[in-house]
Amino acid sequence: MSTATATATASSHTGTVLADLLPASRVRDAALVLGGAALTGLAAQIAVPVPGSPVPVTGQTFAALLVGTSLGARRGVASLALYALAGLMGVPWFASGTSGLSVSFGYILGMLLASAAVGALARRGADRGVLRMAATMVLGEAVIYAIGVPYLAFAAGMSASAAIAAGLTPFLIGDAVKALLAMGAMPAAWKLVGQR
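Residues numbered from 1 in each chain as written. Predicted model: local features only at pLDDT ≥ 70, side-chain atom pairs only at ≥ 80, totals over all residues. Heavy atoms only, no water.

> Please give an account of the overall build of the protein chain that cites residues and values.
For the protein chain, the count of helices and strands is 8 helices and 2 strands. Against the 2.2 N^0.38 benchmark of 16 Å for 196 residues, the protein chain shows a C-alpha radius of gyration of 17 Å, consistent with a compact globule. When each of the 196 residues of the protein chain is scored for burial, the buried share is 43%. Partitioning the contacts of the protein chain with sequence separation of at least 6, the portion at a separation of at least 24 is 69%. A total of about 9500 Å² of accessible surface is found on the protein chain, and carbon and sulfur atoms cover 74% of it. Averaging the locations of the 11 positively and 5 negatively charged side chains of the protein chain gives two centres separated by 7 Å. (Helix = DSSP H or I, 4+ residues; strand = E, 2+ residues; numbered from the N terminus. Rg over C-alpha atoms; globule rule 2.2 N^0.38 Å. Buried < 20%, exposed > 50% of the residue type's maximum accessible area, 1.4 Å probe, protein only. Contact = heavy atoms within 4.5 Å. Areas by Shrake-Rupley, 256 points an atom, 1.4 Å probe, with all protein chains shown as cover. Lys, Arg positive; Asp, Glu negative; His and termini not counted. Charge placed at Lys NZ, Arg CZ, Asp CG, Glu CD.)

And the structure:
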């Protein structure tokens, strides 16, 4: 493939996220938003308690970042807002089948903002390459912690250092694994679409 053809192919995808490849309609958007919220709620049920921390390791952060990346900022935020509001109203789809406010609710608020950030980056092609996708996931995780850890400190009456020890440090290895999975999954999905 010539350089000009490669550039034209790359620019034709700029501004497009995976969800945009489906036929456009309001029904599609509503189904994607509902599906993104449901996926996040389902992934939240994969929860492993962390000794000494009120926050478990879950699959919901991974799902939330993939929802933002694959749906784009607008639909990603709508999905995470639906997830948060329904959970606050009693739908038991927060970590381990819980609902309502808890000391870990700040992470859910962080996921909402992170979905906007990664969705905006995906529209700029950040989900097409392995290294760009890794950087996108790291940024998304940083946004989640920037909201979640201070909220944990406030809600649980912890010092900043205690909140970091309980709400950040134990999760770094798992987040690295999630970033590795995402940096393979999203570029592979685009490659698959490109082969059609």
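> How would you explain the packing of helix H6 (residues 130-156) against helix H7 (residues 160-167) if you had to name every residue and give the values?
Their axes nearest at 9 Å, the elements H6 and H7 cross at an angle of 120 degrees. Considering the angle they form, H6 stands oblique to H7. The two elements H6 and H7 meet at a crossing, and its hand is right-handed. In this structure, H6 uses Tyr145, Val149, Leu152 and Ala153 to contact H7, whose residues at the interface are Ala163, Ile164, Ala166 and Gly167. Its residues placed into classes, the contact of H6 with H7 shows 7 nonpolar, 1 polar and no charged. (Axes fitted to C-alpha atoms, helices over the stretch in contact; angles between N-to-C directions. Parallel < 35°, antiparallel > 145°, perpendicular 65-115°, else oblique. Left-handed = near helix turned anticlockwise from the far one by under 90°. Nonpolar A, V, L, I, M, F, W, Y, C, P; charged D, E, K, R; others polar.)

> If you had to explain the nonpolar core to someone new, which residues and values would you point to?
Leu80, Tyr83, Tyr107, Ile108, Met111, Met133 and Met137 are the most contacted members of the largest nonpolar core, which has 42 residues in total. Elements represented by at least two residues in this core include exactly helix H2 (26-43), helix H3 (60-71), helix H4 (73-88), helix H5 (105-123), H6 and helix H8 (172-194). Not counting the four nearest positions on each side in its chain, Leu80 is found in contact with Thr40, Ala64, Val67, Met111, Leu112 and Ser115. (Core = buried A, V, L, I, M, F, W, Y, C linked by side-chain atoms within 4.5 Å.)

> Summarise the side chain of Asp127; cite the residues concerned and give the values.
The topology assignment puts Asp127 in the loop between H5 and H6. The class for Asp127 is buried, based on a relative accessible area of 0%. Side chain to side chain, Asp127 and Arg128 meet in a polar contact 2.5 Å long. A polar contact is formed between the side chain of Asp127 and the side chain of Trp190, at a distance of 2.7 Å. Contacts of Asp127, omitting those with residues within four sequence positions, involve Thr69, Ala122, Met133, Met186, Pro187 and Trp190. (Polar contact = N/O pair within 3.5 Å; in protein donor to acceptor, adjacent residues only side chain to side chain.)

> So, the packing of aromatic side chains: which residues are in play, and what are the values?
All told, the structure shown has 5 aromatic pairs when counted by the stated rule. Look at Tyr83 and Trp93: their rings are 5.3 Å apart centre to centre, the planes differ by 45 degrees, and that puts the pair in the tilted class. Of the two residues, Tyr83 is situated in helix H4 and Trp93 in the loop between H4 and H5; the sequence distance between them amounts to 10 residues. In terms of burial, Tyr83 and Trp93 fall into one category: buried. (Phe/Tyr/Trp six-rings, centres within 6.5 Å; stacked < 30°, edge-to-face > 60°.)

> If you had to explain a nonpolar patch on the surface to someone new, which residues and values would you point to?
On the surface, Leu85, Leu88, Met89 and Leu101 cluster together into a nonpolar patch covering about 470 Å² of accessible area. Looking at the element boundaries, Met89 is found in the loop between H4 and H5. Residue classification places Met89 among the exposed positions, given a relative accessible area of 73%. (Patch = residues over 30% accessible without salt bridge, like charges linked within 9 Å, V, L, I, M, F, W, Y side chains within 5 Å. Salt bridge = Lys/Arg side-chain N within 4 Å of Asp/Glu carboxyl O.)

> Outline the pattern of salt bridges, supporting the account with residue identities and numerical values.
Taken as a whole, this structure holds 7 salt bridges when the rule is applied. The shortest N-O distance in the salt bridge between Asp29 and Arg75 comes to 3.0 Å. Of this pair, Asp29 sits in helix H2 while Arg75 sits in helix H4, placing them 46 residues apart in sequence. Within this structure, Asp20, Arg28, Asp29, Arg74, Arg75 and Arg123 form a network of salt bridges that share partners.

> Which residues make up H7, and what values do they have?
What H7 keeps buried is the set Ala163, Ala166 and Gly167. Projected down its long axis, H7 shows its buried positions confined to an angular sector of 80 degrees, all on one face. On the buried face of H7, the contacting elements are H5 and H6. (Arc of directions from axis to C-beta.)

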